[in-house]
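# Inside the fold
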Amino acid sequence: HLQRVGRDAAQRDMPSNEQLHAEAIFNRARTRDRNDTAAKLADYDEVLRPNPLHLSARFDRARARLRSGDSPGALADYDEVLCQNPRFYRAFNNRAELHFVNGAYETALADYDAALELHPTYTMALTGRAITLHVLARREEAFGLWGRLLEQDAGYGSAQWVGRQF
């Protein structure tokens, strides 16, 4: 009886063939050349079709959609990622970059703030927030962030370059 119970439990924990196939397709998408966006998108779609909650595939598809020029699709994917995992600071940061590119600077700031609330030293969010503040002519706040970046990493070249520009 114990052998049967153990065997049944092991079989329940085994991934299905469909799950294994989806993971293989996901790995193929990740290893494709980043410029092969159409193939990447097709792979991510194939992964998400049977498993729409595959967070990594949706996050990566958002990035690929953005590279392909599909901003609305990328935004929808980032929104879904954040619905599934509201603590995914990189998704907040990437969505902020998308809002910035589309000129929605206040919305970008809100997403950068959310990313920084989750990860206060995240360089990409600090940089994006500082640039957005410059665009909004809130230079004193921006300079404060550049100083913070330099305190975190004295060799942070981008902060030094931007500091010289402004």
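Here goes a summary of the coordinates provided. (Residues numbered from 1 in each chain as written. Predicted model: local features only at pLDDT ≥ 70, side-chain atom pairs only at ≥ 80, totals over all residues. Heavy atoms only, no water.)

The subject of this paragraph is the environment of Val135. Position of Val135 among the secondary structure elements: in helix H8 (residues 123–135). Exposure remark for Val135: the relative accessible area of 41% places this residue in the partly exposed category. For Val135 and Gly103, which are 32 residues apart along the polypeptide, the C-alpha to C-alpha distance reads 9.9 Å. Residue contacts for Val135: discarding those within four places in its chain leaves Phe100 and Tyr105. (Helix = DSSP H or I, 4+ residues; strand = E, 2+ residues; numbered from the N terminus. Buried < 20%, exposed > 50% of the residue type's maximum accessible area, 1.4 Å probe, protein only. Contact = heavy atoms within 4.5 Å.)

For the pair helix H5 (residues 71–84) and helix H6 (residues 89–101), the least separation of the axes is 10 Å and the interaxial angle reads 155°. In terms of their interaxial angle, H5 and H6 are classed as roughly antiparallel. Where H5 crosses over H6, the two elements pack in a sense that is left-handed. Residues Ser71, Ala74, Leu75, Tyr78, Asp79, Val81 and Leu82 of H5 lie in contact with H6, whose contacting residues are Ala91, Phe92, Asn94, Arg95, Leu98 and His99. Residue composition of the contact of H5 with H6, by class: eight nonpolar, three polar and two charged. (Axes fitted to C-alpha atoms, helices over the stretch in contact; angles between N-to-C directions. Parallel < 35°, antiparallel > 145°, perpendicular 65-115°, else oblique. Left-handed = near helix turned anticlockwise from the far one by under 90°. Nonpolar A, V, L, I, M, F, W, Y, C, P; charged D, E, K, R; others polar.)

Time to look at H8. Under the 1.5 Å per step criterion, the end-to-end length of H8 is 18 Å for 13 residues, consistent within 8% with the ideal 18 Å. Taken as a whole, H8 has its buried residues at Ala125, Leu126, Thr127, Gly128, Arg129, Ala130, Thr132, Leu133 and His134. A positive backbone phi angle near 60° is found at Ala137, which sits one or two residues after H8. (Expected span 1.5 Å × (residues − 1).)

If you look at the biggest cluster of nonpolar residues, it comprises 26 residues, and the most contacted ones within it are Phe59, Tyr78, Phe88, Ala91 and Ala125. Counting only elements with at least two residues in this core, the list comes to helix H4 (55–68), H5, H6, helix H7 (105–118), H8 and helix H9 (139–152). Looking at this core element by element, the count peaks at six residues for H7. Beyond its immediate sequence surroundings of up to four residues, Tyr78 is in contact with Phe59, Ala62, Arg63, Ala91, Asn94, Arg95 and Leu98. The next biggest cluster of nonpolar side chains, apart from the first, holds 10 residues, and it includes Ala29, Leu41, Val47 and Ala64. (Core = buried A, V, L, I, M, F, W, Y, C linked by side-chain atoms within 4.5 Å.)

What follows covers helix H2 (residues 17–31). The end-to-end C-alpha separation of H2 is 21 Å, in line with the 21 Å expected for 15 residues at 1.5 Å each. Of the residues making up H2, those classed as buried are Ala22, Ile25, Phe26 and Ala29. Taken around the axis of H2, the buried residues stretch over an arc of 105°, which confines them to a single face. Counted as exposed and oriented over 90 degrees from the buried face of H2: Asn17 and Thr31. (Arc of directions from axis to C-beta.)

By themselves, these figures tell us nothing about what the structure is for.
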